[in-house]
Amino acid sequence: MKKAQYGFESFAIKETADLSNIHSHSLPIFTSSAFEFENLDEGISIFSGQKEGYVYGRYGNPTLDAVAEKIATLEGLGTGEHPKAFLTSSGMSAIYLAIICSVDPGKKVLAQYNLYGGTTELLQKVIANQGREVIFTDLKNLDRLEDSLKSDGDISAVYLETPSNPDLSCVDIAAVSSIAKKYDTRVILDNTFATPYLQKGFALGADLVIHSTTKYLNGNGNIIGGIILGKDPEFMGTKVKETYKLLGSMASPFDSWVLNFGIKTLALRMEKHCDNAERLSLELQRHPTVRKVNYPGLESHPDHQIAKKQMARFSGMLSFELKDGLEAGRKMMSEIRFCSFAPTLGNVDTLILHPASSSHLRVPRDIREHMGITDGLVRISVGIETIDDILDDIITALDKVQAK
Ligand SMILES: *Cc1c(COP(=O)(O)O)cnc(C)c1O
């Protein structure tokens, strides 16, 4: 049929623009759910894996690939590693993929006991119900780690997060990885709090790195997303890719495109997050209402030496303990005017959380405390605003607590 003979509806429906010579200066969003083949032979060779190419949006998309490749380059930069990566719909879906691909049913995962709350729940409520055993442990105790791996050949992966919630404790990634390597156990690192700008997980020995890109990597608080990166191309290209495709774990093209803009300013943002958090941690440490400040950049932090060894700087997350517990926490929060109350982190704006009177209000005190969430604990994701505005808000609120 000649083009001139197409009907009105056909012209309205057909894609007739030739985009092959358009060189967009910034990354375009490919929203197409499928990709066309030149001819039948090409289709067959792409489908059968003989030729690289895009087929269907759940299997691969040029916008996602461009952003995944950018983050992979940043994670490997200067380390000689070039991991393979896939963007996922959330940090949680990246974690799920990393664990189920590394730990077969009947095998075990050894996880750090203090993790992001969602990760702990995923391990307890989902992973443990799918024929995989979850063992929580303190990965700072390296002798115990070695004993566990030596005595139990069914442990296929060690899962860790550093720095971690809520006390910003740090695990020695290189030490854990070198022990795990002896027993052929895969190390999975959640690098969300540090980002590849401050901590290079692969250079330190991790096999898989995951991020919630919702947090610092995007930084603007306008997407939910994640990424899984792995240094073994065989494992990533077969088992992980297959599972990713079949579970439909991919990020949306729009969110990936938004993330690309966030990453452009990652280095600048992280420097400022660090500047502001360092300054705030020192001011808090000096305040008479504060019992203890948890910031890995402070020499008083129990894991300062580990942090110094593996991080370029100490990121923007901190927490502190008020001497007068719940009452002081409530009073302080009622005096906050500038910082936002939002249950996320890693955004350009400063976010403040008093878990005992909000997110963990209904969690019994003994369980809460076991999670490190004491009555007087306040967590701050220090933003990149003018430091004087941040200090003025928080220190003024603490002065009111003291005056009471
Ligand atoms: C937020 C977060 C996650 C989960 O990521 P989502 O994008 O919310 O699914 C995992 N780990 C850490 C450390 C986080 O902060």
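Residues numbered from 1 in each chain as written. Predicted model: local features only at pLDDT ≥ 70, side-chain atom pairs only at ≥ 80, totals over all residues. Heavy atoms only, no water.

Notes on the sheet that holds strand β9 (residues 317-322)
Move 1: Strands sit in the order β8-β9-β11-β10 across an open sheet of four strands; the sheet is antiparallel. Two strands in the sheet have a free side with no partner beyond their single neighbour: β8 (290-294) and β10 (351-353). On average, each strand axis in the sheet is inclined to that of its neighbour by 20°, with strand direction left out of account.
Move 2: Sheet topology note: the β8/β9 ladder contains four bridges and is antiparallel. (Pairing = 2+ DSSP bridges. Helix = DSSP H or I, 4+ residues; strand = E, 2+ residues; numbered from the N terminus. Axes fitted to C-alpha atoms, helices over the stretch in contact; angles between N-to-C directions.)

Comments concerning the packing of aromatic side chains
Move 1: For the structure shown, the criterion picks out eight aromatic pairs.
Move 2: Each ring, one from Phe35 and one from Tyr54, has its centre 5.4 Å from the other, and the planes form 45°; the classification is tilted. Taken together, the residues span a long stretch of sequence, with Phe35 in the loop between α1 (8-13) and α2 (40-47) and Tyr54 in the loop between α2 and α3 (62-76) at a distance of 19 residues.
Move 3: Judged by its relative accessible area of 16%, Phe35 falls in the buried class.
Move 4: The interplanar angle of 35° and the centroid separation of 5.8 Å between the aromatic rings of Phe254 and Trp257 together place this pair among those described as tilted. A residue pair is termed a helical-turn pair when its members lie 3 or 4 positions apart in one helix, as Phe254 and Trp257 do in helix α10 (residues 253-264) at three residues.
Move 5: One aromatic cluster is present, formed by Phe254, Trp257 and Phe261 through successive ring pairs. (Phe/Tyr/Trp six-rings, centres within 6.5 Å; stacked < 30°, edge-to-face > 60°. Buried < 20%, exposed > 50% of the residue type's maximum accessible area, 1.4 Å probe, protein only.)

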